[in-house]
Amino acid sequence: MYTDDQLKAIACKFEIAGKIQQIKPLGPGFINDTLIVKTLTSDGNAGPRYILQRKNHLVFPDVPGMMNNIAMVTAHIKAKVAARGGDPDREVLTIVPRNAASIAEEEKALPHSNLYYKDENGNFWAMCLFIEGSVTYEKADSPALAYKGGQGIGRFQSDLADFTQELSETIPGFHNIRWRFQQWDEALKRDAASRAASVKEEISWIESRREEMLDFWSLVESGAIPRRVTHNDTKISNILFDEKGEVLCVIDLDTCMSSTSLNDFGDAIRSYTNTGAEDDRDLDNVAMSLDMFRAYTQGYLSERRDTMTETELDWLAFSARYITFEQVLRFLMDYLDGDVYYKTKYADHNLVRTRAQYRLLQSMEQQYDQMLKVVKDFLS
Ligand SMILES: Nc1ncnc2c1ncn2[C@@H]1O[C@H](COP(=O)(O)OP(=O)(O)O)[C@@H](O)[C@H]1O
Ligand SMILES: [Mg+2]
């Protein structure tokens, strides 16, 4: 825990306008790594507000690389927003750099040390402008909201379609099924929790799809599907909307990397369209809602149709199967490993998740022709 004075000292490391009036957690006051910094101008009026965030360096081992990714990506979008006459302070996240005078000599030698502060406890902090008058939704529970979610990610990717700089791979191997299969093969061989014999059928679900999933990834590896900037955490709570409910911008850019755009699309479809819970015991609850798929896809393509290649469009619907399959594999692999990665609430929680996610995958496979038609109809 940090005292108010400690938090103020951390906030002062950044280039803020005005005097700090108050720092408090964003949200209902429980322990939070996202803080809001209120300022006062020299004449005593309310100044700009800022978001101060502690970055989780256990999840992101390369915070400087991550912050540099965010700085490059947001600068690129900012130029696009300005060029179309939008508001560059609201339609993209604004990274607040370090206050130059606060950067110590030894920090200067470190990469991107103008973008973050590392405190005495080894925690990393970064700051951005608080976007006033914005709202977020916790869950997309209607096609109308799914459409907006698709629009948000679609616009983000479309603004970045001509981004050519190199981004750091801050989470190695993310959504790379070839690498996942290497881990999978090792997990099967190890059989650390002696569970493999009891889940032969579930293992066959993975093995029977190995080839088609690797074939898809080969297209990314060969460049037939281009690499682009991806967000990698496309949930609706990472999109800010204005008071009228229109998309402002995408936030929570920590996971931005270079991969196929289709991963973002597929991951969104996996989570937006599931009619059940990720760990539903009642498999009859679980299915892909075609209405939600249609809505998200239409919102997404309304922003992206002109910046995608034929090959990307051909594989768009498949990406939902790819990402859902990867999740089935990861849940089952963790079950084989003895539940070391995902937090579990009961003994076979990962197996329940495996089965529920597999039901979702089957539902996508069954509706695949209709999914392809949704994409085709939109484009025609
Ligand atoms: N720049 C910002 N302006 C306004 N609200 C923000 C901003 N950044 C974050 N928020 C709010 O804080 C929440 C959590 O921030 P986020 O960056 O998504 O962190 P987390 O890793 O906790 O999801 C968001 O869902 C949003 O409601
Ligand atoms: Mg978030």
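Residues numbered from 1 in each chain as written. Chains lettered and ligands numbered in written order. Predicted model: local features only at pLDDT ≥ 70, side-chain atom pairs only at ≥ 80, totals over all residues. Heavy atoms only, no water.

Around a metal, the ideal angle is 109.5 degrees if four donors adopt a tetrahedral arrangement and 90 or 180 degrees if six donors adopt an octahedral arrangement. Donor atoms from the polypeptide that bind the magnesium ion (ligand 2) are Asn-238 (OD1) and Asp-252 (OD), placed at 2.1 to 2.2 Å. One end of the pair, Asn-238, is in the loop between β7 (228–230) and β8 (239–241); the other, Asp-252, is in the loop between β9 (247–250) and β10 (257–259), with 14 residues separating them in the sequence. Exposure remark for Asn-238: the relative accessible area of 5% places this residue in the buried category. On the basis of relative accessible area, Asp-252 is assigned to the partly exposed category, the value being 30%. (Donors = N, O, S within 2.8 Å, 3.2 Å for Na, K, Ca; no water. Helix = DSSP H or I, 4+ residues; strand = E, 2+ residues; numbered from the N terminus. Buried < 20%, exposed > 50% of the residue type's maximum accessible area, 1.4 Å probe, protein only.)

Turning to the site of ligand 1, a few remarks are in order. The local shell around ligand 1 holds 15 residues, among which Leu-26, Gln-53, Leu-129, Ile-131 and Asp-252 are the closest. One of the side-chain nitrogen or oxygen atoms of Gln-53 is found 2.9 Å away from an oxygen atom of ligand 1. Between ligand 1 and Ser-237, the relevant distance is 3.0 Å, taken from an oxygen atom to a main-chain nitrogen or oxygen of the residue. Here ligand 1, which alone exposes 540 Å², has 74% of that area covered by the protein. Among the elements of the structure, β3 (50–55) and β6 (124–129) are those that each provide at least two residues to the shell around ligand 1. Considered class by class, the residues forming the shell around ligand 1 number nine nonpolar, five polar and one charged. When residues are assigned to domains, the shell around ligand 1 turns out to be shared by domain 1 (4–129) and domain 2 (143–379), each giving three or more. (Near = heavy atom within 4 Å. Polar contact = N/O pair within 3.5 Å; in protein donor to acceptor, adjacent residues only side chain to side chain. Areas by Shrake-Rupley, 256 points an atom, 1.4 Å probe, with all protein chains shown as cover. Nonpolar A, V, L, I, M, F, W, Y, C, P; charged D, E, K, R; others polar. Domains from an automatic or database assignment.)

At their nearest, the axes of helix α4 (residues 143–159) and helix α9 (residues 290–304) sit 7 Å apart, and the two run at 30° to each other. Judged on the interaxial angle alone, α9 and α4 are roughly parallel. In this structure, α4 meets α9 at a crossing whose hand is right-handed. Residue-level contacts link Pro-143, Ala-146, Tyr-147, Gly-149, Gly-150, Gln-151, Ile-153, Gly-154, Arg-155, Gln-157 and Ser-158 of α4 to Asp-291, Met-292, Ala-295, Tyr-296, Gln-298, Gly-299, Tyr-300, Ser-302, Glu-303 and Arg-304 of α9. Classifying every residue of the contact of α4 with α9 gives eight nonpolar, nine polar and four charged. (Axes fitted to C-alpha atoms, helices over the stretch in contact; angles between N-to-C directions. Parallel < 35°, antiparallel > 145°, perpendicular 65-115°, else oblique. Left-handed = near helix turned anticlockwise from the far one by under 90°. Contact = heavy atoms within 4.5 Å.)

The tally for this structure, following the rule as stated, stands at 26 salt bridges. For the salt bridge of Arg-321 with Glu-212, the shortest nitrogen-to-oxygen distance reads 3.4 Å. A residue pair is termed long-range when its members are at least 10 positions apart, and Arg-321 in helix α10 (residues 310–337) and Glu-212 in helix α7 (residues 210–222) qualify at 109 residues. Judged by relative accessible area, which is 28%, Glu-212 ranks as partly exposed. One continuous salt-bridge network, built from bridges that share partners, spans Asp-185, Glu-207 and Arg-210. (Salt bridge = Lys/Arg side-chain N within 4 Å of Asp/Glu carboxyl O.)

Further remarks concern unusual backbone geometry. The phi angle at His-112 is positive, at roughly 55°, despite the residue not being glycine. Locating His-112 in the fold gives a position in the loop between α3 (105–108) and β5 (117–118). By relative accessible area, which is 30% here, His-112 ends up partly exposed. The phi dihedral of Asp-191 falls on the positive side, at around 45°, and the residue is not glycine.

Let's shift gears to empty space enclosed by the protein. Rolled over the atoms, a probe with the dimensions of a water molecule shows which regions are left empty. Going through the model one piece at a time under the given rule, you end up with one cavity of 30 Å³ or more. Empty space within the largest cavity amounts to approximately 120 Å³. Taken together, 15 residues form the lining of the largest cavity, with Ile-77, Glu-91, Leu-248, Cys-249 and Val-250 sitting closest to its centre. Secondary structure elements with two or more residues in the lining of the largest cavity: α2 (63–83), α4 and β9. (1 Å grid on protein atoms, 1.4 Å probe; cavity = no way out; pocket = protein on both sides within 12 Å on 5 of 7 lines; lining within 4 Å. Points joined across faces, edges and corners; volume = space filled by probe spheres on them.)

Mapped onto the elements of the fold, Asp-62 is located in the loop between β3 and α2. Remark: the alpha-carbon pair of Asp-62 and Thr-170, spanning 108 residues in sequence, is separated by 6.2 Å. Excluding residues that lie within four positions of it along the chain, Asp-62 makes contacts with Ser-168 and Thr-170. At a separation of 2.9 Å, a polar atom in the side chain of Asp-62 contacts the main-chain amide nitrogen of Gly-65.

Turning next to α9. The end-to-end C-alpha separation of α9 is 20 Å, in line with the 21 Å expected for 15 residues at 1.5 Å each. Of all the positions in α9, only Leu-290, Met-292, Phe-293, Ala-295, Tyr-296, Thr-297, Gly-299, Tyr-300, Leu-301 and Arg-304 are classed as buried. Considering only its buried residues, α9 is in contact with α4, β7, α8 (261–272), α10 and α12 (368–379). (Expected span 1.5 Å × (residues − 1).)

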